[in-house]
Structure formats: structure tokens, C-alpha cells
Amino acid sequence: MSFSGCGSSLAAVMIAGEKSHGRPEPRVCGLGLASGFGMGAAAHLTGVREGRSVLKPLRELWGAGHPWGDVLSGWIPDRKLLCSRRNGPASQLALLLARQAVEEAGWGEEELKDAALIVGSSRGNASGWLSPWPGRRSMKILAVPNSLHSELASCVSIELGIRGPYHVLASGCAAGLDAVGMAAMLMRQGIVRRALAIGLDLPLCRELLGTYWASGMLSRNGMNDPYGPHADGMCISEGGAAMALELSSGPGIYVKDYLVNSDAYSPLGMPEDGKSIAALLDAALRNWDGRVPLTVCPHASGTAGNAASERAALKRVFGTGLPDLRMMKPWTGHAIGGSGILELALMLAFIREGALPPNPFWVSSSAGAACVAEELPLDGRRMLVKSAASMGGHNVVLSLDVDG
């Protein structure tokens, strides 16, 4: 496959490392997932293979008597898991995700003590302090830390004994994907040998939902088909993921390039020309060996602005020869700051089993791209590209080398 360059008029910051034989690079060694499918990779594999939709009317979660009862959304089924007297609800979810990834990675006290910890979230613990979290009897003495974004990381650090550097990113819907990129960057800089990246959001509280509704970004009809003719907005949902990374030179899944730029355009909308995202995609593919199959998992939020911008970006980079596209938000809903890493983790959960996940059967294609509603068996190496975009114009592209 060939692609056409999008020009160099837009800057793209790239933190990259071409994986070379014998030189350790950031390898994915553990995953944690949470969404309307439940907790853990197995629940997500089963949910997708059964073709389930996680979206349900919010009145099933909140009961009757509020303005958004008919809005379709997704939430983590076991609500008790998110109730902690000590930790805010989002912090508690970060801890649950971290424990999943750490257990899969086989890390003990020795491996954890000097690891880096990067957490991304758009809204942090807002759902626990803007409005009470149902079923939670919080400790009043911890009201201040419960309201801080930094508690997302401090909670995990304290509970798991992580004494390396920790950082919290609040870069909107790209925060979780940024967390993966920043974690890999710290590893490439030689600061740490291991890193834990987490991204999550629990956006289903009345105050937050009201602002999204008033902005017009929420879907009114619940058509979770990002490029489809009837899509009218985001299907907002709870969710998040964690990813354990360690330096390695053996076969596996490697984080390759982390690229970021900004639109400098609007606090709400996206430029229809797609130039900013195209610049990042172009940079990610600059050293790509075209003999290696390529899969792209776009942001695909469901808003009209994102659909127009991404279509234009894909056309700029690939022309009419679009690559294999896999869209994950139609499965999980839009988990805001946790969406990018959740979608990536869902892709990787399937890849570890030797396949790419199917697109939902209800998903429309974009300008001739293949949106296959079946698993695609993997054979040898593959390049995976995941993008994310945030309100206000922050764009991220992450590329991974799947080296079986």
C-alpha cells in the first residue's frame, strides 16, 4: 500500500524509537480493562465476540425523574467495585485497572518500586464530588484529596508501592493515549525500565452530562456509528484501561512512535481539512515498510466535526487506498479521557490471541475503507496506528509494532 504525504506545513512532535535487534524497547506486558462489558480482558473478548452492545437508557442506572433518562450510555456493571471509603470512584477504578495489568505482567514489589506511573483522565473524580457517588460512604477527612486529579495516581502509587515518578495528564479525550506515549517516552529516555499507563473516566453524573447535552455533542438517537449518515453525537460511557510496559528485545507488541500536535483552531470544533491529524499519520508512516500490513483505529467519536476532520485526514494520507479500519467506540461507547487507551487495550487483547477484533456489524465505512465485521487472523508482523483527538485541538497518534 502506498500513501501520499500531507506536506510539512504543520508541525508534529514525535518521540520515536525504531525497534532494532538487541536494543530494548517498550513492550506491552500486561493489560487491564473496564467498560460496560465488565472488568478484565476476558469479559471484553466475550462481549465483542457475542456482538453485544453496552448502551442502555440512563434511566436504568439512575431511575426515572431526570432529563436524560432516554440517553443511551454504558456503565461498569458492578457498581460496588467503585465504592471505597478512602478513594474517589475514579481513583478506585484506576487501582482496579492497575492491579489487572500488574498481575498479567507478573510484577512484584521489586519491579514496582521504581516504575513510572502515568495516569490520564479528562474529568478525574468529578463524579464523586460534583454529585454524591451512590452507595459510597466517603471519609470526610479525605474530601480534599478525593477532589484532586492527582489522587488518581497517588492512590495507585500508595496501594501498589510504586516509588518512581508519577504524573497525571488531563488532555481531554486523548489523555489515556497520551499516558501510554508519555510512559514509553520516559522509558526511552532511560529514566525507568518499567512504566504503568492508565486512562479512565466516569462521566455519568448529572452535572457533567448536562454540560455535554447543552453543547449538542451527545447523541440524541443513540446511533453509535461514527461515520454513518445518522450519527448525531457521542455515546458517552464509563470505561478505562491500564497498560504495563517494560523494556525488552524479544517478540511481542511494542510501542513505536508517539506523535502529538495542536489545531490552534477552536475550543469546541475541529478543522474540516484534517491537516493536523494527517500530519501525525504521515509522520507515523514515514518509515513504514509497506510490505507490513497496516491497521488504523481512528478516534471516531461520533460527532459531525470529528467525522469530517478524520475523513479528510484519511483521504490526505491514503488517497483512495484506505487501510483496514477498526473502530472500537461502537463497542465500548466514548469513555472520554479513558477512550484512547481502552480502545487500544481492546485491540491488543485480541491481538494477543492472534486476531484483530471485528468492527460491529452496524458500523458504516468511511470513503471506501474496509470495516470488516469479523475477526481478522494475524499472520506475522503488523503495524497498528491509534489516534485520539481532544476538545480544544490536541491530537495524538500512537503506532505499535506487532511482532509475533
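Calculation rules
Residues numbered from 1 in each chain as written. Predicted model: local features only at pLDDT ≥ 70, side-chain atom pairs only at ≥ 80, totals over all residues. Heavy atoms only, no water. Helix = DSSP H or I, 4+ residues; strand = E, 2+ residues; numbered from the N terminus. Buried < 20%, exposed > 50% of the residue type's maximum accessible area, 1.4 Å probe, protein only. Polar contact = N/O pair within 3.5 Å; in protein donor to acceptor, adjacent residues only side chain to side chain. Contact = heavy atoms within 4.5 Å. Pairing = 2+ DSSP bridges. Core = buried A, V, L, I, M, F, W, Y, C linked by side-chain atoms within 4.5 Å. Phe/Tyr/Trp six-rings, centres within 6.5 Å; stacked < 30°, edge-to-face > 60°. Lys NZ or Arg CZ within 6 Å of the ring centre and 35° of its normal. Axes fitted to C-alpha atoms, helices over the stretch in contact; angles between N-to-C directions. Parallel < 35°, antiparallel > 145°, perpendicular 65-115°, else oblique. Left-handed = near helix turned anticlockwise from the far one by under 90°. Nonpolar A, V, L, I, M, F, W, Y, C, P; charged D, E, K, R; others polar.

**Q** What is the right way to read the side chain of S127 from this model?
**A** Structurally, S127 can be placed in helix α5 (residues 126-129). Residue S127 is classed as buried on the basis of its relative accessible area, which comes to 3%. A distance of 2.2 Å separates a polar atom in the side chain of S127 from the backbone oxygen of L202. Apart from residues lying up to four places away in sequence, S127 is in contact with P132, W133, L202, P203, L204, C205 and L208.

**Q** Would you mind going over the environment of M187 with me for this structure?
**A** Structurally, M187 can be placed in helix α8 (residues 175-188). Sequence spacing of M187 and L31 is 156 residues, and the spatial spacing of their C-alpha atoms is 18 Å.

**Q** Before we go on, may I ask you to explain the pairing of strand β8 (residues 194-201) in this structure?
**A** The buried fraction of β8 amounts to seven of the eight residues, a majority that puts the element mostly inside the structure. The sheet contact formed by strand β6 (residues 116-120) and β8 spans five bridges and is parallel. In the strand pairing of β8, L117 is matched with L196. In terms of strand pairing, β8 meets strand β9 (residues 239-248) through eight bridges, oriented antiparallel. Note that in β9 the partner of R194 across the bridge is E246.

**Q** I keep staring at the nonpolar core and nothing clicks. Help me out?
**A** The tendency in soluble globular proteins is for nonpolar side chains to be buried as a group. Among the nonpolar cores identified, the biggest contains 53 residues, and V28, L31, M243, L344, L348, L398 and L400 are the most heavily contacted of them. The greatest single-element share of this core, amounting to ten residues, is contributed by helix α13 (residues 339-351). When neighbours within four sequence positions are excluded, L344 is seen to be in contact with L177, M243, L384, K386, L398 and L400. L95, W107, L152 and V156 belong to the second largest nonpolar core, which has 31 residues in total.

**Q** Would you mind going over the packing of aromatic side chains with me for this structure?
**A** Geometry of an aromatic ring pair is reported as the spacing of the ring centres plus the angle between the planes. Under the defined criterion, the tally for this structure stands at two aromatic pairs. Look at F361 and W362: their rings are 5.1 Å apart centre to centre, the planes differ by 85°, and that puts the pair in the edge-to-face class. Overall, the relative accessible area of 67% leaves F361 in the exposed class. Positioned above the aromatic ring of W62, the side-chain terminus of R206 is 4.6 Å from the ring centre. Positioned above the aromatic ring of W213 is the side chain of R220, whose terminal nitrogen or guanidinium carbon lies 3.6 Å from the ring centre.

**Q** I'm lost on the packing of helix α3 (residues 89-105) against helix α7 (residues 151-160) in this one. Help?
**A** Axis angle and axis distance: for two packed helices, these are the angle between their axes and the distance between the axes, and together they describe the pair. Relative to each other, α3 and α7 sit at 45°, their axes nearing to 8 Å. Here α7 runs oblique to α3, going by the angle between their axes. For the pair α3 and α7, the crossing hand works out as right-handed. For the pair α3 and α7, contact is made by A90, S91, A94, L95, A98, R99 and V102 and by E151, L152, C155, V156, E159 and L160, respectively. Classifying every residue of the contact of α3 with α7 by side-chain character gives nine nonpolar, one polar and three charged.

**Q** I'm lost on unusual backbone geometry in this one. Help?
**A** Both trends apply: most residues other than glycine have a negative phi, and most peptide bonds are in trans. The residue A264 is not glycine, and still its phi comes out positive at about 50°. You can see A264 is positioned in the loop between β10 (252-262) and α10 (275-285). A264 sits in the exposed class, given a relative accessible area of 76%. For A300, which is not glycine, the phi dihedral falls at a positive 45°.

**Q** I'm lost on α7 in this one. Help?
**A** Think of an α-helix as turning once every 3.6 residues; residues three or four places apart then point the same way. Of all ten residues that make up α7, eight are buried, and the element is covered over most of its length. Among all positions in α7, only E151, L152, A153, S154, C155, V156, S157 and L160 are buried. Those residues of α7 that are buried lie in contact with α3, α4 (109-112), β6, α6 (143-146), β7 (166-169) and β8. Directly beyond the C-terminal end of α7, a positive phi value near 70° is found at G161.

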